[in-house]
Structures are given as structure tokens and as C-alpha cells.
Amino acid sequence: MMKKSVLVAALLVVPVQGIAQDEPMRIPTIPAGVPAVFLPVQDTRPTAGGAWLAGSVSDRDAVELLDAELAFAFGEERGAESWALPDDVRRRLARNPTIKIDPSRLAYHGMLARPEPRAQIYEPLHTQLRQIAALFNARIVILPLVAYYLPVGEEDRLAAEEAGEEPPLGRAVLLTAVIDIRRSAVLWHGEIQGERAEAVSREALTTLALAAARWLAPS
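Rules used throughout
Residues numbered from 1 in each chain as written. Predicted model: local features only at pLDDT ≥ 70, side-chain atom pairs only at ≥ 80, totals over all residues. Heavy atoms only, no water. Buried < 20%, exposed > 50% of the residue type's maximum accessible area, 1.4 Å probe, protein only. Helix = DSSP H or I, 4+ residues; strand = E, 2+ residues; numbered from the N terminus. Pairing = 2+ DSSP bridges. Salt bridge = Lys/Arg side-chain N within 4 Å of Asp/Glu carboxyl O. Phe/Tyr/Trp six-rings, centres within 6.5 Å; stacked < 30°, edge-to-face > 60°. Axes fitted to C-alpha atoms, helices over the stretch in contact; angles between N-to-C directions. Parallel < 35°, antiparallel > 145°, perpendicular 65-115°, else oblique. Left-handed = near helix turned anticlockwise from the far one by under 90°. Contact = heavy atoms within 4.5 Å. Nonpolar A, V, L, I, M, F, W, Y, C, P; charged D, E, K, R; others polar. Core = buried A, V, L, I, M, F, W, Y, C linked by side-chain atoms within 4.5 Å. pLDDT = per-residue confidence, 0-100.

**Some remarks on the pairing of strand 4 (residues 171-180)**
On any regular strand, side chains alternate: one points to one face of the sheet, the next to the other face. Where burial is concerned, most of strand 4 is hidden: nine out of the 10 residues are buried. As paired elements, strand 3 (residues 140-150) and strand 4 share 10 bridges and run antiparallel to each other. If you follow Leu 150 over to strand 4, its bridge partner there is Arg 171. As judged from the nine bridges shared by strand 4 and strand 5 (residues 185-196), these two strands associate in the antiparallel manner. Residue pairing for strand 5: Asp 180 is matched across the bridge by Ala 185. Taking the residues that link successive antiparallel strands as the turn, the strand 4-strand 5 hairpin has four residues, and the phi of Ser 184 there is positive, at about 55°.

**Some points on the pattern of salt bridges**
Under the definition given, this model contains seven salt bridges. For the salt bridge of Arg 91 with Asp 88, the shortest nitrogen-to-oxygen distance reads 2.8 Å. You can see Arg 91 and its partner Asp 88 sitting in helix 3 (residues 86-94), three residues apart, about one turn around the helix. Judged by its relative accessible area of 27%, Asp 88 falls in the partly exposed class. The salt bridge partner of Arg 139 is Asp 180, with a shortest N-O separation of 2.8 Å. With a gap of 41 residues between them, Arg 139 in the loop between helix 4 (125-135) and strand 3 and Asp 180 in strand 4 connect regions that are remote in the sequence. Taking relative accessible area as the criterion, Asp 180 reaches 0% and is therefore assigned buried. A single network of salt bridges, built from pairs that share partners, joins Asp 67, Asp 87 and Arg 90.

**A short note on the packing of aromatic side chains**
Enumeration according to the criterion identifies two aromatic pairs in this entry. The interplanar angle of 45° and the centroid separation of 4.7 Å between the aromatic rings of Phe 38 and Phe 74 together place this pair among those described as tilted. You can see Phe 38 sitting in strand 1 (residues 36-38) and its partner Phe 74 sitting in helix 2 (residues 59-75), a full 36 residues away along the chain. The residues Phe 38 and Phe 74 share a single accessibility class, namely buried. Relative to Trp 83, the ring of Phe 74 lies with its centre 5.6 Å away and its plane at 25°, an arrangement referred to as stacked. An aromatic cluster is defined as three or more aromatic residues linked by ring pairs; in this entry it consists of Phe 38, Phe 74 and Trp 83.

**Focus: the packing of helix 2 against helix 6 (residues 202-216)**
It is the contact of helix 2 with helix 6, at a shortest axis distance of 8 Å, that shows an interaxial angle of 45°. As far as their axial angle goes, helix 6 and helix 2 are oblique. Where helix 2 crosses over helix 6, the handedness of that crossing is right-handed. Contacts from Ala 62, Leu 65, Leu 66, Glu 69, Leu 70, Ala 73 and Phe 74 in helix 2 reach Arg 202, Leu 205, Thr 206, Leu 208, Ala 209, Leu 210, Ala 212, Ala 213 and Leu 216 in helix 6. Here the residues of the contact of helix 2 with helix 6 sort into 13 nonpolar, one polar and two charged.

**A closer look at the nonpolar core**
Within the largest apolar cluster, 37 residues are counted, with the highest numbers of intra-cluster contacts made by Leu 70, Phe 74, Trp 83 and Ile 142. Of all the elements in the fold, those that place two or more residues in this core are strand 1, helix 2, strand 3, strand 4, strand 5 and helix 6. When residues in this core are grouped by element, the largest group, eight residues, is from helix 6. With 27 residues, the next largest nonpolar core counts Leu 93, Leu 129, Leu 175 and Ile 179 among its residues.

**Let's talk about the confidence of the model for the protein chain**
Chain-level statistics for the protein chain give a pLDDT mean of 86 and a share of 81% at 70 or above. Summarising per-element confidence for the protein chain, the mean pLDDT is lowest in helix 1 (residues 4-13) (38) and highest in helix 4 (98). Scored below 50 in pLDDT, residues 1-23 makes 38 contacts in the model with residues more than four places away or belonging to other chains.

**A few points about helix 4**
Within helix 4, the full set of buried residues consists of Leu 125, His 126, Gln 128, Leu 129, Ile 132, Ala 133 and Leu 135. Looking at the packing, one finds that the buried side of helix 4 touches strand 1, helix 3, strand 3 and strand 4. Trailing helix 4 by a residue or two, Asn 137 shows a phi angle of about 50°, which is positive.

Structure below.
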């Protein structure tokens, strides 16, 4: 059996080599048993009509609801048993009051745009992530940046109208970064989409969380 350090090396070298800005980044395969930290969702956006995802009453309410859905979805994945999930992070930080970091309010805004190839994580985000990862002896950090609702495209809407059909529903989306904090490198930066659902439906977030677990958790 390969040692954990060898598995981590294999994971961390391949995805970031030779990536051009116009090429899609591949979601890295995180081997089972490798510690990772899955942080709280940082933010969410309302729909064009001003509604919050899943019928939430505020942005923070929507974030808390999605955090709960993600915790359940990843908790069902055996390969993610060694991962620290949002509540684990909050509890560990509460027991370490000298680390004055709110994991739900990190300096994430600079990560909303896809980073340049081989760009280093900026400060103070790098220090924040490094301190949190050190609490769990983890090298991989998953940072869910912002959740929002992606409505159906205009072409699909017009096609449905021409066919006399109801336009298809949109999807909840989670912009996410997977980071190797020891190398200060972004291994993957992209969108995860749930199944088609109404924006105010709980299903929008449930299917989004399941999709995140399916794509990111070790199989």
C-alpha cells in the first residue's frame, strides 16, 4: 500500500502543472484517508427577484442551511470520514481562542475570480487557511466561496415557449476552490451545480450539496 505522503504528492502535482487560463481546471482526486478541511460557505446571493435560496429569510440563513446540507451529504461519504467539516472547524477554533479567525467570514473576496496559473494565495487569506489547516494537520482546504441561483438561459426559455412548454428550472450553484495550503496553490476553482429546482425550494440546496459530495469526496 502506498504511504499517505506518496498519495498526497501524486494528488498535488498533477492538477496544477501546465494549466492555461482558458483551459478548464480538473477537480483533483483526494485519496481516501487524506485529511482535508471543508470550510463553511462564505456567502450567498439572492435571485434576480430578490429571493434567497431555499426560501431562506436572509443571506446568513441561506448559508447556514447550505452548510447543514453539505455536512449531511459529506457525512454520508465514507471516503470523507477523515475530513473536518464546518462544525468541526468552528468547535476546534472555539477551543483555541488565541486564533482569532471566524471561519464563516474569511478574506475570500479575492478568490471570486479564477486565479492566474501558479498564483500564490494572497494575505490575509493564506494565513487564515494555514492556521485552520494546522489544527487538523491537513494539507487540503476546500473553500466554498459563494452560492447562487443560475436561472435558465434565454435560448432554453424561448425554445420552451415556442414548443408550448413550461420553461425548465434553473439550478443552485456553488463556486468553490480546492487549495493545497502548504504550497499556497489553487488546485481547482470552479462551479458545482445542483439539479434543476425552484430557487425557493429546499431541493435546490439538497441536490447542490449531494453534487458537491459526489464530485469532491473520495470514492
